[in-house]
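Fold and geometry: a report
Given next are the chains, with one letter for each unit.
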Amino acid sequence: MAMKRPLNVQSSKVKLNELFIHWLTLPATQARVSHLGNVDDFAPAEGAEILHEMDSMSGISPVIALDRADSHGSAYGNLSFTSPPRSPRAAPNQQAHRPQSSHFTSPMVDELDVAHRRGAVSPHGSPRAHLLASPNEATLPVPTSPSTRKPLSLGSPAQLLTLDANPTNVANPSAPTTPSTPGDVARLSVAFAQMDTNPPNATLRQPSSSNLTVSMPPKRKLSTEPRVQIPHFFFPDGKPVPKEDGDKQLAAAKKLFESKKAVTKAATAASRLTRKSSIDKGLESKAVNMKAFGELTTKVCLLPRWMNEVLFRRVLAYEPGAANYDKEKERALTIHPTNTVVSYPAFKDFYDAEMAGKSKARRLFDAIKWNKKSERITKADLRPLIDEVLLVHPGLEFLKSTPDFQVRYADTVQIRIMFSCTQRDDDTITWPDFQNSTLCDVLHVLDTETDINVSTKTEYFSYEHFYVLYCKFWELDTDHDFYISQDDLSRYGNNCLTQAIVERIFTGKGRRVRSDREGRMNYEDFVWLCLCEEDKTSLRSLDYWFRCLDTDEDGILSGYELDYFFSEQRQRMEASYQETISYDDILCQMMDMISPSRTDGLRLSDLKACSLSGNFFNALFNLQKFIAFEQRDPFMAHAEKQLPEKTDWDRFAKVEYDRMSLEAGDQPEESEEFGVSHYDGA
């Protein structure tokens, strides 16, 4: 798009004045003036009006010389007339005097009133008139009545309008004038255009003080009220801990190191002394062991107790000013429950550098991740935390006798945390992901909740959920090599999935396959599949199944793609003697349910905006759930929503765990076959 050219006001005024001068010199104009007959008829006409308007613009009484010859060759002599004053914008308390006239007044006068409109040169009634009245500057003449105005003279015929800056011309109106040329016209046009900003050097009459009304603008009153300080409301790293709370935390740390729980140790590799300038006298040699360090973890650092050993090792290996944590050094430390201690100076240095001023969530995020330079938590960073939960939580004590299944439990928790806390498939959790997730709250809830199976509180750490996932995988893995094939997966849920969708899953369309064996699915891939299949309302599940159905990967589910997946579903309906539904009917039903934004296909945003998107996927590749939805009891569906389990996955895991518990109770040897310890809640 072409840029607009800037408006050149000065050049516009030059052009307008030039046109006006040419208008005065036209034969038609001269004929109109000549037919006026006498000066009395000429005075109120448009010529006088224009002259007065020019007078108002420039502040000069111009000398007019017009060559007016009638058709008989006669010319007017030195005719004189008095121009009536014109003040269309007079002050409210001042009535402008304007004699009555039946003659036509040219609208060109208003078109030339540029200076008055811009405010540079104003009539005597304007509030800006005082701006030009100064001892060193010329001032506009202010006419009061027709009798007080100095008469103007019509000179010899020259077809010229001249504006002479010479004072003698003003004093001697009958002075001869020079003929006009195109150069004179251009010069005069420029002079007229510059009147409002650069008035000519002319001798002008001073205005009468009795006729000058000056109105000063009121002074602006400055508010004396104090400015309102808007409190800080945006905290990218979380709302920081106030300084008063930080001082209280340090006071609690000092109190702990001064108590009987602290020991007096010399500076060693395990309890080294650092800066002493900011350390209170008497605390340089104070230290605590890992058991007493737990109070520092929970009360001073505001971290859950599952971070106790992780934080204890980090303080021992911490080097002030280091660019990163020494991960290998932390892991190589041999921790003795009572003999390995942390000194107060070492803790103070670590707290001031890594904990002071940070919010509770930010402290936990920084404590979990190993890499200080990275803003991401990896799967490996989560493992020490989960191991501590396995070691300390009372609800998982029964797993201490089965170390192999402690590993499986930790793997499952890791996978579920990555599944729920981020929408990316890179196995990392960023700080915004951590803020928007429930991981921080769940870890703090575990401090007080002794029942690990309260899924609404413990979520990822529920042992019942792990039990269901692992037993489902074990049932499909017939050769127990910890990999399942495409045929094994076809038996999932009593053959509820179609072959078309199983093939898409094994090709990695829903999610990149993590298995190191081609054509096989490992435990992590199965956990993702099971979580997506049993709860199709989560964002992760919607992304997973949408990519599986989008065969051309254009981001739109078109009609031929839906027909491709539903064709096998229709064949299965016929084989199971179910009432067959045509593709057109099911398509209309699904479109009415989803209400897509566009008619050319379904997009992921359309499915995310619909609360019944899971039924759309079930209609295409899960026959059992689709039939259950068509034959559902509305009262039963309402009763399910009243249960403590709020998500489809929680309800599925509860039902499956009860079923597996009954089967394990009837056949105790089956528990040995699965290799999983049954938890009865005790």
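Given the structure is predicted, the values throughout are model-derived calculations rather than measurements. (Residues numbered from 1 in each chain as written. Predicted model: local features only at pLDDT ≥ 70, side-chain atom pairs only at ≥ 80, totals over all residues. Heavy atoms only, no water.)

**Here we look at the overall build of the protein chain**
Looking only at helices and strands, the protein chain features 32 helices and nine strands. Total accessible area computed for the protein chain in this model is approximately 35900 Å², and 54% of it derives from carbon and sulfur atoms. (Helix = DSSP H or I, 4+ residues; strand = E, 2+ residues; numbered from the N terminus. Areas by Shrake-Rupley, 256 points an atom, 1.4 Å probe, with all protein chains shown as cover.)

**Regarding the side chain of Asp-525**
Locating Asp-525 in the fold gives a position in helix α23 (residues 523-534). Only 3.1 Å separates the side chain of Asp-525 from the backbone nitrogen of Arg-514, close enough to count as a polar contact. In contact with Asp-525, not counting residues within four places along its chain, are Arg-511, Arg-512, Val-513, Arg-514 and Ser-515. (Polar contact = N/O pair within 3.5 Å; in protein donor to acceptor, adjacent residues only side chain to side chain. Contact = heavy atoms within 4.5 Å.)

**A look at helix α29 (residues 623-630)**
Listed in full, the buried residues belonging to α29 are Leu-623, Phe-626, Ile-627 and Phe-629. Down the axis of α29, the buried side of the element spans an arc of 160°, and every buried residue falls inside it. The inward-facing, buried residues of α29 contact α25 (559-575), α26 (583-594) and α28 (613-621). Looking at where α29 begins, the residue whose side-chain oxygen comes 3.4 Å from the main-chain nitrogen of Gln-624 is Asn-622. (Buried < 20%, exposed > 50% of the residue type's maximum accessible area, 1.4 Å probe, protein only. Arc of directions from axis to C-beta.)

**Digging into the layout of surface pockets**
Gaps left between atoms are located by rolling a probe of water-molecule size over the structure's atoms. Here the largest pocket is characterised by a volume of approximately 1400 Å³. As for the largest pocket, its lining consists of 37 residues, of which Lys-625, Ala-628, Glu-640, Asp-648 and Arg-651 are closest to the centre. Sorting the residues of the lining of the largest pocket by element identifies α23, α28, α29, α30 (634-641) and α31 (648-666) as the ones contributing at least two each. Ranked by residues supplied to the lining of the largest pocket, first place goes to α31 with six residues. What the second largest pocket holds in volume is close to 530 Å³. (1 Å grid on protein atoms, 1.4 Å probe; cavity = no way out; pocket = protein on both sides within 12 Å on 5 of 7 lines; lining within 4 Å. Points joined across faces, edges and corners; volume = space filled by probe spheres on them.)

**Focus: the packing of aromatic side chains**
One pass over the full model with this rule turns up 35 aromatic pairs. Ring centres of Tyr-463 and Phe-466 lie 5.5 Å apart, and the angle between their planes is 55°; this geometry places the pair in the tilted category. Highlighted residues: Tyr-463 and Phe-466, both in helix α20 (residues 463-476), separated by three residues, approximately one helical turn. Residue class for Tyr-463 comes out buried when judged on its relative accessible area of 0%. The buried category is assigned to Phe-466, whose relative accessible area is 1%. Residue placement shows Arg-517 over the ring face of Tyr-483; its charged tip is 4.8 Å from the ring centre. Positioned over the ring face of Phe-629 is Arg-632, at 4.1 Å from the centre of the ring. (Phe/Tyr/Trp six-rings, centres within 6.5 Å; stacked < 30°, edge-to-face > 60°. Lys NZ or Arg CZ within 6 Å of the ring centre and 35° of its normal.)

**A closer look at a nonpolar patch on the surface**
Judged by side-chain polarity, Ile-230, Phe-233 and Phe-234 come together as a nonpolar surface patch covering roughly 430 Å² of accessible area. Examined against the element boundaries, Phe-234 turns out to sit in the loop between α8 (182-193) and α9 (243-258). What makes Phe-234 exposed here is its relative accessible area of 54%. (Patch = residues over 30% accessible without salt bridge, like charges linked within 9 Å, V, L, I, M, F, W, Y side chains within 5 Å. Salt bridge = Lys/Arg side-chain N within 4 Å of Asp/Glu carboxyl O.)

**Let's talk about the packing of helix α24 (residues 539-549) against α28**
Contact geometry for α24 and α28: axes closest at 11 Å, N-to-C directions at 35°. Handedness of the crossing formed by α24 with α28: left-handed. The residues of α28 that touch α24, namely those facing Leu-542, Trp-545, Phe-546 and Leu-549, are Ser-613, Phe-616, Phe-617, Leu-620 and Phe-621. The residue makeup of the contact of α24 with α28, split by class, is eight nonpolar, one polar and no charged. (Axes fitted to C-alpha atoms, helices over the stretch in contact; angles between N-to-C directions. Left-handed = near helix turned anticlockwise from the far one by under 90°. Nonpolar A, V, L, I, M, F, W, Y, C, P; charged D, E, K, R; others polar.)

**Overview of the state of the cysteines**
All told, the structure shown has zero disulfides when counted by the stated rule. No disulfide involves Cys-548; its nearest neighbouring cysteine sulfur is the one of Cys-532, lying 8.5 Å away. According to the relative accessible area criterion, Cys-548 is buried, its value standing at 0%. (Disulfide = S-S within 2.5 Å.)

**Some words on the nonpolar core**
Ranked by internal contacts, the top residues of the largest apolar core, which has 127 residues, are Phe-347, Tyr-409, Phe-434, Phe-461, Trp-545 and Phe-616. If one sorts the elements of this core by residue count, α20 sits on top with ten residues. Setting aside residues up to four positions removed in sequence, Tyr-409 forms contacts with Leu-390, Leu-396, Leu-399, Ile-452, Phe-461, Ser-462, Tyr-463 and Phe-466. (Core = buried A, V, L, I, M, F, W, Y, C linked by side-chain atoms within 4.5 Å.)

**Overview of the environment of Ile-505**
On the secondary structure map, Ile-505 appears in helix α22 (residues 499-506). Ile-505 gets classed as buried once you look at its relative accessible area, which sits at 3%. Placed 39 residues apart in sequence, Ile-505 and Tyr-544 show a C-alpha to C-alpha distance of 9.3 Å. Residues in contact with Ile-505, not counting those within four places in the same chain, are Leu-489, Val-513, Met-521, Leu-529, Tyr-544, Trp-545 and Cys-548.

**With respect to the pattern of salt bridges**
All told, the structure shown has 35 salt bridges when counted by the stated rule. For Lys-472, the salt bridge goes to Glu-656, with nearest N and O atoms at 3.4 Å. Pair noted here: Lys-472 is in helix α20 and Glu-656 is in helix α31, with a separation of 184 residues, a long-range link. Of the residues examined, Lys-472 reaches a relative accessible area of 12% and is grouped as buried. Put simply, Lys-379, Asp-425, Asp-427, Arg-511, Arg-514, Glu-524 and Asp-525 are held in one network by salt bridges that share partners.

**Observations concerning the packing of α26 against α28**
The contact between α26 and α28 brings their axes to 10 Å, and the two run at 165°. Of the possible angle classes, the one that applies to α26 and α28 is roughly antiparallel. The chirality of how α26 crosses α28 is left-handed. Between α26 and α28, the residues in contact are Ile-586, Met-590, Met-593 and Ile-594 and Asn-615, Phe-616 and Ala-619, respectively. (Parallel < 35°, antiparallel > 145°, perpendicular 65-115°, else oblique.)

**Observations concerning unusual backbone geometry**
Peptide bonds are, in most cases, trans, and in most cases residues other than glycine have a negative phi. Positive phi values are uncommon outside glycine, yet His-480 reaches one of about 55°. By the element assignment, His-480 lies in the loop between α20 and α21 (486-490). Phi angles above zero are rare outside glycine, and Glu-553 is one such case at about 55°. Within the secondary structure layout, Glu-553 lies in the loop between α24 and α25.

**Re the confidence of the model for the protein chain**
Of all residues in the protein chain, 67% attain a pLDDT of 70 or more, and the chain-wide mean is 74. In this model residues 53-180 is a low-confidence stretch, pLDDT under 50, and it forms 227 contacts with partners more than four residues away in sequence or in other chains. Note that residues 677-682 has pLDDT below 50 and, in this model, 14 contacts with residues that lie over four places away or in other chains. (pLDDT = per-residue confidence, 0-100.)

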